[in-house]
Amino acid sequence: MKKQSKYNFVVKKDEFLLLYNCQTERLTLLQPELYLLLRNNDLETLNQKHPAFYDYLCEADYLVPEDKDEARSVVDKWKEMDTSEESFGVFINPTLDCNMRCWYCY
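Residues take numbers from 1 onward in each chain, read along the sequence in its written order. With pLDDT at 70 or above as the cut-off, local features in this predicted model cover only qualifying residues; side-chain atom pairs require 80 or more to be listed or tallied, and sums for whole chains, interfaces and linings still use all residues. Heavy atoms throughout the structure, all of them, feed into the side-chain values; hydrogens and water do not.

So, about the environment of Phe53. Counting from the N terminus, the helices are the DSSP runs of H or I reaching at least four residues and the strands are the DSSP runs of E reaching at least two. Checked against the element boundaries, Phe53 lands in helix H3 (residues 51-59). Taking the C-alpha atoms as reference points, Phe53 and Leu34, 19 residues apart in sequence, are found 9.2 Å from one another. Two residues form a contact once any of their heavy atoms are found within 4.5 Å. Look past the residues within four positions of Phe53 in its chain and what remains in contact with it is Thr28, Leu30, Leu34 and Leu46.

What follows is the structure in structure tokens.
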């Protein structure tokens, strides 16, 4: 059984409906009929009427297994990136004259 990813968002731009997953950074154009099925969480009907699109949603991680802990997957991915020796990140602060005045910045 599948469920919608908690990282899915639908964005309406003019007459277009876009399905975006912020974890995978995928973007898909939706027809209004498909949007209604997703909004109503009617995945069975979606699978019956549009099996190829349903399969695509599963492959692209818009739909995930019911028992998948997506938050754990994100944390594990962050840990893997932080401990990887393949990349190294450095922040350079050339000046303290920034006018943004963010509360968290020294």
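We now examine the nonpolar core. As used in this record, nonpolar core signifies buried Ala, Val, Leu, Ile, Met, Phe, Trp, Tyr and Cys residues forming a set joined through side-chain atoms within 4.5 Å. For the exposure calls, accessible area comes from a 1.4 Å probe over protein chains only, and a residue counts as buried if that area is under 20% of its type's maximum, exposed if over 50%, partly exposed in between. Among the nonpolar cores identified, the biggest contains 15 residues, and Leu30, Leu38, Leu46 and Leu57 are the most heavily contacted of them. Among the elements that take part in this core, H3 stands out by supplying four residues, more than any other.

Note on placement: Ser5 falls in the loop between strand E1 (2-4) and strand E2 (8-13). Polar contact criterion, stated in full: a pair of N or O atoms within 3.5 Å, where within protein one must be able to donate a hydrogen and the other to accept it, and residues adjacent in sequence count only if both atoms are side-chain atoms. For Ser5, the side chain forms a polar contact with the main-chain nitrogen of Tyr7, separated by 3.1 Å. Within the structure, the side chain of Ser5 is placed 2.5 Å from the side chain of Glu70, a separation counted as a polar contact. In contact with Ser5, other than residues within four places in its own chain, are Asn21, Asp61, Tyr62, Val64 and Glu70.

Let us look at the sheet that holds strand E3 (residues 16-21). When DSSP finds two or more bridges between two strands, those strands count as paired. Here we have three strands laid out as an open sheet, ordered E2-E3-E4, and antiparallel in their pairing. With one partner strand each, in any of the chains shown, E2 and strand E4 (26-30) form the two edges of the open sheet. On average, each strand axis in the sheet is tilted by 25° relative to the strand beside it, whichever way the strands run. As judged from the six bridges shared by E2 and E3, these two strands associate in the antiparallel manner. Here an axis means a line fitted to C-alpha atoms, over the contact stretch when the element is a helix, while the angle between two N-to-C directions is reported on a 0 to 180 degree scale.

On to the packing of aromatic side chains, then. The geometry of an aromatic ring pair is captured by the separation of the ring centres together with the interplanar angle, meaning the angle of the planes. Classification of ring pairs rests on two measures: the distance between centres of Phe, Tyr or Trp rings, Trp counted by its six-membered ring, which must be within 6.5 Å, and the angle between planes, read as stacked under 30 degrees, edge-to-face over 60 and tilted in between. This structure, assessed with the given rule, holds two aromatic pairs. Ring geometry for Tyr56 against Tyr62: centres 6.1 Å apart, planes inclined by 50°, an arrangement best described as tilted.

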